[in-house]
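The chain contents come next:
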Amino acid sequence: MAYIVVGIGAAIGAVLRYGINRYFERRPHPFPKATLLINLSGALILGILAGLQIDQQSYLLLGTGIMGGYTTFSTMTIELFTLLKTSRQYFYLYFFSTYIVGLMASFIGLMIGAYLN
């Protein structure tokens, strides 16, 4: 049953990510804004879920499933390699924004979740 719950959640998350990517494709830019937004918002939401200390079944759906399907490490790494070749300035901006702001978003999410709990 857990596999089904995670699979349904992952499908929902992937569709959300696809929609955000499609929106940003309308205004092409060399900086990967869509993936950055997706991963930072995913870090915040996952932090909130962890801070809320929700039950295991809900976490499987929302955290492992939806957030797992929504966020994307693999796309980010490919985009980083592309930026390394094309724009060192965007490479460093993207790298540090993803990791530093991502850690901050996770921490803020944990604090929000703990407060709401």
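Because the structure is predicted, anything quoted here is derived from the model rather than measured.

**Here's the deal with the environment of A50**
Tracing the sequence through the fold places A50 in helix 2 (residues 33–52). Among the residues examined, A50 registers a relative accessible area of 36% and is labelled partly exposed. Between the alpha carbons of A50 and L110 there is a distance of 6.3 Å; along the sequence they are 60 residues apart.

**Re the UniProt feature "binding site: Na(+)" (unreviewed entry) in the chain**
In this numbering, the UniProt entry assigns the feature "binding site: Na(+)" (unreviewed entry) to G68 and T71. Along the polypeptide, G68 turns up in helix 3 (residues 56–70). Accessibility expressed as a relative area gives 43% for G68, which makes it partly exposed. In this structure, T71 sits in the loop between helix 3 and helix 4 (73–86). Setting aside chain neighbours within four positions, we find T71 in contact with R17, I38, N39 and G42.

**Overview of the pattern of salt bridges**
Per the counting criterion, the structure on display carries 1 salt bridge. The shortest N-O distance in the salt bridge between E25 and R22 comes to 3.5 Å. A residue pair is termed a helical-turn pair when its members lie 3 or 4 positions apart in one helix, as E25 and R22 do in helix 1 (residues 2–25) at 3 residues. For R22, a relative accessible area of 44% puts it in the partly exposed group.

**Observations concerning the packing of aromatic side chains**
Centre-to-centre distance and the angle between the planes together describe a pair of aromatic rings. Enumeration according to the criterion identifies 8 aromatic pairs in this entry. On the numbers, 6.1 Å between centres and 20° between planes, the contact of F91 with F95 is stacked. Of this pair, F91 and F95 both sit in helix 5 (residues 88–116), separated by 4 residues, roughly a single helical turn. Relative accessible area serves as the criterion here: at 15%, F91 is assigned to the buried category. Between the aromatic rings of Y92 and F96, the centroid separation amounts to 6.5 Å while the plane-to-plane angle is 20°, which identifies the pairing as stacked. Note that Y92 and F96 are positioned in helix 5 at a spacing of 4 residues, about one turn of the helix. Grouping aromatic residues by their ring pairs yields a cluster made of F91, Y92, F95, F96 and Y99.

Thresholds applied
Residues numbered from 1 in each chain as written. Predicted model: local features only at pLDDT ≥ 70, side-chain atom pairs only at ≥ 80, totals over all residues. Heavy atoms only, no water. Helix = DSSP H or I, 4+ residues; strand = E, 2+ residues; numbered from the N terminus. Buried < 20%, exposed > 50% of the residue type's maximum accessible area, 1.4 Å probe, protein only. UniProt positions renumbered as here; feature names shortened; annotations may be inferred. Contact = heavy atoms within 4.5 Å. Salt bridge = Lys/Arg side-chain N within 4 Å of Asp/Glu carboxyl O. Phe/Tyr/Trp six-rings, centres within 6.5 Å; stacked < 30°, edge-to-face > 60°.

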